Amino acid sequence: MHEKIIILDFGSQTTQLIGRRVRELNTYCEIVPYNKFPHNDPNVKGVILSGSPFSVYDDNAFKADLSEIRHKFPVLGICYGAQFISHTSGGKVEPAGSREYGRAHLTSINNTDALLTGIEVGAQVWMSHGDTITVIPESFEIIASTEDVAIAGYRVNGEKTWGVQFHPEVFHSECGTQILDNFLVICQCSKDWTPASFIEETVKGLQAKLGDDKVILALSGGVDSSVVAVLLHKAIGKNLTCVFVDNGLLRKNEFEKVLEDYAHLGLNVIGVDAKAKFYAELAGESDPETKRKIIGKGFIDIFNEEALKIKDVKWLGQGTIYPDIIESLSITGTTIKSHHNVGGLPEKMHLKLIEPLRLLFKDEVRSVGTELGMMPHLIKRHPFPGPGLGIRILGDITPEKVRILQEADDIYISGLREWGLYDKVWQAGTILLPVRSVGVMGDERTYENTVALRAVTSADAMTADWAHLPYEFLAKMSNDIINKVKGVNRVVYDISSKPPATIEWE
């Protein structure tokens, strides 16, 4: 197994970002709850302590015993992590006069310090804290300051322990990547975690684990399940069977296009046309959660039916990725959210689970797909919800509503591609609203449907901003949809960010 950096999560919103930045520096890392350090793991090279919503002096603050860790590994404390190290060593942490948030610039630096190699006075960093370190213990030495924060960075003499009050993982900290890279050098990391090394190691591991066993995998057409399919195919070839279900809620012609793509990849795929079954079971149902459950159960029933036709299947493949794992556990180790994948299938089918991408972030999955030689349009495909258009038709679902939405959505998504905008947004889609309004077409008044266009920019879907698409593009889309899609006479554009809104409407 690869050498690794352990990130102790004290509850910060940017803990995942620390992980992604370390991975971008070709170094494998794992995020674990603050109190779950893997003391017996021989591959650990260093430790990073995240920020936290708590103050170190709160009664309910997360606390960890660092006594063994600090003397065994290089340690970097970030924000709360830096305060915690100082506080537990006899330093003083107090509420700042005002919350220190936003851009700051380093006014003094000890650039002979290993952590700050290559960093210059004036470098921009990002602050986000309500407390500040006012006194450090005698064995600590200040290595960086800003105009408002005297102890912006410190090191502990006699051990490889550092703390920074700012957030090097955040994009606005211009020198943040260099600081994290310096820390990896201190940890003597070889920085050889690459898509190619991941593929090689994973294929070998799958071959050893699966042997001649058969695996069944549910495909969605999305990047995660597609990359899993190609990885498994590379490892076990014909012993992989993929199932792609048309639930009648896919995008226009998607069933045929995706099956064609998978045929190019040499995958053994069973395509199941189950539109009639889903439409019948969804008839008259408007509640979003009920719709999700009907779609989920229908999928499980069909998938189970197909699996039973294959002799001696022992494993279920899933496209679970690292954020799913992290979000499924609170930092106290309690499950707070179930995986978004095929919940309930392994228990019902008595299959063992295989999740080759469970340690990768989404951008890493795309890099692996590229390394595997997959087609760019498969790798760069926007996320698409499991229930598909079922949650983009607000209210009850009918074949006619699906037709209207598929036609409108096809014009919109095709337009994004034609205008060179598709790869600039994280996710885009069209929503059919349960709203009819008066319109005029020719000499006639109409009373027809409204569709909303949605496009967001994001790094990981945890937060998202509405995409500032050109007015000319939106005008063209509105005009084309209204003129070409029978049943639509009004188009609106959603300019809500997440939070407070969500990316999907249901």
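Scroll up for the structure.
Computed from a predicted model, the values in this text were never measured in an experiment.

### A closer look at the overall build of the protein
1) Next: A count of helical and extended segments in the protein gives 15 helices and 18 strands.
2) Next: Relative to a compact globule of 506 residues, whose C-alpha radius of gyration would be 23 Å, the protein shows 26 Å and is just as compact.
3) Next: Counting only C-alpha atoms, the protein reaches 80 × 60 × 40 Å along its principal axes.
4) Next: Counting over 506 residues, the protein shows a buried share of 56%.
5) Next: Nonlocal contacts in the protein, meaning residues at least 24 apart in sequence, comprise 73% of its contacts between residues at least 6 apart.
6) Next: Counting every atom, the protein has about 22,500 Å² of accessible surface; 51% of that belongs to carbon and sulfur.
7) Next: The positive charge centre, built from 53 side chains, and the negative charge centre, built from 66, are 5 Å apart in the protein.

### Let's talk about helix H4 (residues 176–186)
1) Next: The buried fraction of H4 is high, at 8 of 11 residues.
2) Next: Of the residues making up H4, those classed as buried are Gly176, Ile179, Leu180, Asp181, Asn182, Phe183, Leu184 and Ile186.
3) Next: Buried residues in H4 make contact with strand S1 (4–9), helix H1 (15–24), strand S3 (44–49), strand S4 (75–78) and strand S9 (161–164).
4) Next: After H4 finishes, the residue Gln188 shows a positive phi value of roughly 60 degrees.

### Things to note about the state of the cysteines
1) Next: Enumeration over the complete set of coordinates arrives at 0 disulfides.
2) Next: Cys189 takes part in no disulfide bond, and the closest cysteine sulfur, belonging to Cys187, lies 5.0 Å away.

### Concerning unusual backbone geometry
1) Next: For the bond from Lys498 to Pro499, the omega torsion is -15 degrees, close enough to zero to count as cis.
2) Next: In this structure, Pro499 sits in the segment after strand S18 (488–493).
3) Next: The amide bond that connects Pro499 to the next residue, Pro500, takes the cis arrangement and shows omega of 10 degrees.
4) Next: By secondary structure assignment, the location of Pro500 is in the segment after S18.

### Let's talk about the packing of aromatic side chains
1) Next: Scanning the model with the defined rule gives 17 aromatic pairs in all.
2) Next: On the basis of an interplanar angle of 85 degrees and a centroid distance of 4.9 Å, the ring pair of Phe54 and Phe62 is categorised as edge-to-face.
3) Next: Taking relative accessible area as the criterion, Phe62 reaches 14% and is therefore assigned buried.
4) Next: Clustering of aromatic rings is evident, with ring pairs tying together Phe10, Tyr34, Phe54, Phe62, Tyr80 and Phe84.
5) Next: Above the face of the Trp426 ring, Arg366 is positioned so that its terminal group lies 5.7 Å from the ring centre.
6) Next: Sitting over the face of the ring of Tyr422, Arg417 holds its NZ or CZ atom 3.9 Å from the ring centroid.

### Structural notes on helix H6 (residues 223–236)
1) Next: The first and last C-alpha atoms of H6 sit 20 Å apart over 14 residues, in line with the 20 Å expected at 1.5 Å per residue.
2) Next: Extensive coverage of H6 is indicated by the burial of 12 of its 14 residues.
3) Next: Every buried residue of H6 is accounted for by Val223, Asp224, Ser225, Ser226, Val227, Val228, Ala229, Val230, Leu231, Leu232, Ala235 and Ile236.
4) Next: Next to the buried residues of H6 lie helix H5 (195–210), strand S10 (214–219), strand S11 (240–246), helix H7 (254–264), helix H12 (362–371) and helix H13 (376–379).
5) Next: Count one or two residues on from H6 and you reach Gly237, which has phi positive near 55 degrees.

### Overview of the sheet that holds S10
1) Next: In space, the 5 strands of this open sheet follow the order S12-S11-S10-S13-S14, with parallel pairing throughout. The strands lining the two open edges of the sheet, one partner per strand, are strand S12 (269–273) and strand S14 (352–354). Going from strand to strand, the sheet's axes swing by 30 degrees on average, the running direction of each strand aside.
2) Next: Where strand S13 (residues 313–317) meets S14, 3 bridges bridge the pair, whose relative direction is parallel. Within S14, the position partnered with Gly317 by the bridge is Ile354.

### Section: the pattern of salt bridges
1) Next: What the rule picks out here adds up to 27 salt bridges.
2) Next: Close ionic contact of Glu200 with Lys204 constitutes a salt bridge, the shortest N to O distance being 3.4 Å. Within this pair, Glu200 and its partner Lys204 are both found in helix H5, separated by 4 residues, close to a single helical turn.
3) Next: Residue class for Lys204 comes out exposed when judged on its relative accessible area of 52%.
4) Next: With a shortest N-O distance of 2.7 Å, Lys476 and Asp480 are connected by a salt bridge. Of the two residues, Lys476 and Asp480 are both situated in helix H15 (residues 471–484); the distance of 4 residues between them amounts to about one turn of the helix.
5) Next: Judged by its relative accessible area of 38%, Lys476 is partly exposed.
6) Next: A cluster of three or more residues bridged by salt bridges with shared partners is formed by Lys4, Glu30 and Asp41.

Calculation notes
- Residues numbered from 1 in each chain as written.
- Predicted model: local features only at pLDDT ≥ 70, side-chain atom pairs only at ≥ 80, totals over all residues.
- Heavy atoms only, no water.
- Helix = DSSP H or I, 4+ residues; strand = E, 2+ residues; numbered from the N terminus.
- Rg over C-alpha atoms; globule rule 2.2 N^0.38 Å.
- Buried < 20%, exposed > 50% of the residue type's maximum accessible area, 1.4 Å probe, protein only.
- Contact = heavy atoms within 4.5 Å.
- Areas by Shrake-Rupley, 256 points an atom, 1.4 Å probe, with all protein chains shown as cover.
- Lys, Arg positive; Asp, Glu negative; His and termini not counted.
- Charge placed at Lys NZ, Arg CZ, Asp CG, Glu CD.
- Disulfide = S-S within 2.5 Å.
- Phe/Tyr/Trp six-rings, centres within 6.5 Å; stacked < 30°, edge-to-face > 60°.
- Lys NZ or Arg CZ within 6 Å of the ring centre and 35° of its normal.
- Expected span 1.5 Å × (residues − 1).
- Pairing = 2+ DSSP bridges.
- Axes fitted to C-alpha atoms, helices over the stretch in contact; angles between N-to-C directions.
- Salt bridge = Lys/Arg side-chain N within 4 Å of Asp/Glu carboxyl O.

Function cannot be read off these values alone, since they describe shape.
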